[in-house]
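A look at the structure
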Amino acid sequence: MTAVHRPSLVIVGAGPRGLGILERLAANLPELYGDRPLDLHLVDPHPPGPGRIWRTAQSPLLWMNSRAEDVTVFTDETVALDGPVRPGPTHADWAGTEGDAFPSRRRQGAYLRWAYRQARAALPPTVTVHEHPTTALRVAGPRDGRQRIWLDGYAAPLVADLVVLTLGHLDARPDARQRELTAFAARHGLVHLPPGFTADTDLSALPAGAPVLVRGLGLAFVDLMVLLTEGRGGRYEEGPGGRLVYVPSGREPVLHVGSRRGVPYHSKIGYELAGERPPLPRFFGPAEVAALRERPGPPDFRRDIWPHVAKELGWAHYHRLFTAHPGRTALPWAEFAEAYTVAEPLGADLDALVAAAVPDPGDRFDPEAIDHPLDGVRFASAEALQHGLRQYVTEDLQRRHDPAHSPDLAVFGALVSVYGQLARLPDPGDSGHWWHGFFSFLASGPPGPRLEQLLALSEAGIVRFLGAGLTVEADEERGVFRASSASLPGQWTEARALVEARLPDPTVRDTASPLLRALYEDGARATDAGLLAVDPGDGRLLGRDGRPHPRRFALGPHTTTRAGGAFTRPRTGGVAFAQNDRTARTALALLREAAPAHSAGRHYAKGSTR
């Protein structure tokens, strides 16, 4: 009897995105594939489910950046699915924990591992799952034939009908500037840590008590701060008035930190939105997206998209202000809403309307002021700068936990809505880089307790703020790194160590992944920003000729698919879930077309592709 290959699909990357594809395959198999045989291969050096970022073998000090009740890996009726809804517990429900708790990443890894086991159990017995704890190096094969996936440590490739890349966040090769700084550090016996994942970075080269320059005040800095303080034996105690006080271990370095904005990301909001919610989308919805899609070429974010987005965010802000805090407005809501609707976005008429209707400038939505909080602010001394930044962080914590400022939470909801619409547009390339930073600054900041710790570390002298508009120089004559800022012009801080506290950009040109580099070199299309271009409908990889590859799919941060945030909040439409569903259904339909060649009664050579 002639042996034939079983139909097979390879998922490269078995973290949360790969888990999402697996869950959607299991949900859609009965309708689209029936009881046909299928080999399903998962390739990832890290455990399936948590993957690298959420693996359980990491420091218990590192937290999620989301509340337990805001994290789910299961679909609900708000998601636009063609496949069936398969509901499941949020992290809070699964763990039996308080909904407003910020779980450790290890605990989230356990949740993802459990969800992976649930997805595997939902597969029919005709599906055989093969786990490959290694790295995929290259994909080859004709458009009209089976694909070969070469794995590190395997003599022969896997052979599969389809390949789905769900690689998640990856390391990158340093760019030219980072290579220059590393070479400078090597010449002078200094330490330079380029952009990377803080949890995976060797921090032992940063000595106790020594000054360290840190460029970046986002989430990578928060991880760095934690690992170099509590991670080295320090602890927090409650001081006068309930404020945290840091008790050093003596093994901490002194972190001199600054960035473009000079301030940390805004704290997570610590209350729920009560009462009427802004009707969204309003000014950036399907109609606006359809009009943008009809334009030739990729959109420019600032020119083509931002005016709609700014008006949408403002709409959410003012709807909440007028309906929840009418005493701080000077016009009836209906009158304001009518005038706001016809006003040009970012125009003088809109500014005049807001000025007349909202007396207190502090109640107005001003995205430029939000994005540049220290513009024009100069401090007389380094100590004045420390005091000013501590005051800024204290006020931010108070505001983000005070429902009197609930328009902030309404804007957060609008940001999530905007991301859902952006997922249906071509990637704007480099022009969209600012937007991702603005979104993260406003919506993806640390839990409030982390900023309370930052204040305690500043009071203890372990963290020293450098300010906004940070400039870092490599001083060949003195053999040190030097930093200055626009907030304290003319003053320089020297150190023998520099840490780039940010993630590397997910570009295929600079990625450390040989798989992605090979795909690009073999003809996969990339945007100006270096992202793999994929079909927005089902995630198939696009070639440089614009044609979708019939056997290769890709989803995740290295592609033009955008989902917004690491995980989906329950009952928010689940953009990533909808993407996963479309990809899984397309893949199953393609596999079904190939399945008649593997009809019943033939002998299947299981494991022959390994």
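Here the structure is a predicted model, which is why all the values come from computation and not from measurement.

**A look at the nonpolar core**
Core analysis: the biggest nonpolar cluster contains 44 residues, and Phe-284, Trp-306, Leu-313, Tyr-318 and Trp-435 have the highest contact counts within it. Looking at this core, the elements that each hand over two or more residues are helix H6 (286-293), helix H7 (301-324), helix H8 (333-342), helix H9 (348-357), helix H12 (407-422) and helix H13 (433-443). Those residues within four positions of Leu-313 in sequence are excluded, and the remaining contacts are Trp-306, Phe-365, Val-411, Ala-414, Leu-415, Val-418 and Phe-438. In terms of nonpolar packing, the next biggest core, distinct from the first, is built from 43 residues, Met-225, Tyr-265, Leu-374 and Leu-457 among them.

**Observations regarding the sheet that holds strand S14 (residues 463-467)**
With respect to topology, five strands assemble into an open sheet ordered S9-S18-S10-S13-S14, the strand pairing being parallel. A strand with exactly one partner marks an edge of an open sheet, and here the two such strands are strand S9 (191-193) and S14. For this sheet the average axis-to-axis angle between neighbouring strands, irrespective of direction, equals 20°. Pairing of S9 with strand S18 (residues 497-500) involves three bridges; the strand directions are parallel. Looking at the pairing, His-192 lines up with Leu-498 of S18.

**Quick notes on the environment of Arg-571**
Relative to the helices and strands, Arg-571 is located in the loop between strand S20 (548-554) and helix H16 (575-594). The class of Arg-571 is exposed, set by a relative accessible area of 52%. Remark: the alpha-carbon pair of Arg-571 and Thr-75, spanning 496 residues in sequence, is separated by 8.5 Å. Those residues in contact with Arg-571 that sit more than four places away from it in its chain are Asp-76, Glu-77 and Thr-78. Within the structure, the side chain of Arg-571 is placed 2.3 Å from the side chain of Glu-77, a separation counted as a polar contact.

**Quick word on the side chain of Asp-161**
Structurally, the position occupied by Asp-161 is in the loop between strand S7 (158-160) and strand S8 (162-165). When its relative accessible area of 6% is taken as the criterion, Asp-161 is described as buried. Of the polar contacts made by the side chain of Asp-161, one reaches the backbone nitrogen of Ser-8; its length is 2.8 Å. Leaving out residues up to four positions away in the same chain, Asp-161 has contacts with Arg-6, Pro-7, Ser-8, Arg-146, Gln-147, Arg-551, Leu-591 and Ala-594.

**Quick word on helix H4 (residues 176-188)**
With 13 residues, H4 ought to run about 18 Å at 1.5 Å a step, and its terminal C-alpha atoms sit 19 Å apart, in line with that. By the burial criterion, the buried members of H4 are Gln-178, Leu-181, Phe-184 and Ala-185. The arc enclosing the buried residues of H4, seen along the axis, measures out at 120°, which places them on a common side. Along H4, the residues that are exposed and aim more than 90 degrees away from the buried face are Ala-186 and Arg-187. Buried residues in H4 make contact with S9, strand S10 (211-215), strand S15 (471-475), strand S16 (480-484) and S18. Between the side-chain oxygen at the start of H4 and the backbone nitrogen of Arg-177 there is a gap of 3.2 Å, and the oxygen is on Asp-175. Downstream of H4 by a residue or two, Gly-189 has a phi angle that is positive, lying close to 65°.

**Remarks on the pattern of salt bridges**
Counted under the stated rule, the structure contains 35 salt bridges. Linking Arg-24 and Asp-581 is a salt bridge whose minimum nitrogen-to-oxygen distance equals 3.0 Å. With Arg-24 in helix H1 (residues 16-32) and Asp-581 in helix H16, this residue pair connects regions lying 557 residues apart in the sequence. The exposure class assigned to Arg-24 is buried, which follows from its relative accessible area of 1%. We note a salt bridge from Arg-569 to Asp-70, for which the minimum N-O separation is 3.2 Å. Placement of the pair is Arg-569 in the loop between S20 and H16 and Asp-70 in the loop between strand S3 (38-43) and helix H2 (91-95), with a sequence separation of 499 residues.

Calculation notes
- Every residue gets a number counted from 1 within its own chain, in the order that chain's sequence is written.
- In keeping with the predicted nature of the model, local features appear solely for residues at pLDDT of at least 70, side-chain atom pairs appear and are counted solely at 80 or more, and the whole-chain, interface and lining totals rest on all residues.
- To get the side-chain values, all heavy atoms of the structure are used, and hydrogens and water are removed first.
- Remark: nonpolar core denotes a set of buried residues (Ala, Val, Leu, Ile, Met, Phe, Trp, Tyr, Cys) joined through side-chain atoms within 4.5 Å.
- Relative accessibility thresholds used throughout: buried, under 20% of the residue-type maximum; exposed, over 50%; partly exposed, between the two (1.4 Å probe, protein chains only).
- Only DSSP runs of H or I with at least four residues qualify as helices, and only runs of E with at least two residues qualify as strands; both kinds are numbered from the N terminus onward.
- By the convention used here, residues are in contact when the closest approach between their heavy atoms is within 4.5 Å.
- Here, strands pair whenever DSSP counts at least two bridges between them.
- Comment: axis = line fitted to C-alpha atoms, over the contacting stretch for helices; angle = value between 0 and 180 degrees taken between N-to-C directions.
- N or O atoms within 3.5 Å of each other form a polar contact, as long as, within protein, one can give a hydrogen and the other can take it, and as long as residues adjacent in sequence are counted only when both atoms are side-chain atoms.
- Here a helix's expected span is defined as the number of its residues, less one, multiplied by 1.5 Å.
- When we speak of the arc, we mean the arc of directions from the helix axis to the C-beta atoms.
- The term salt bridge refers to a side-chain nitrogen of Lys or Arg lying within 4 Å of a carboxyl oxygen of Asp or Glu.

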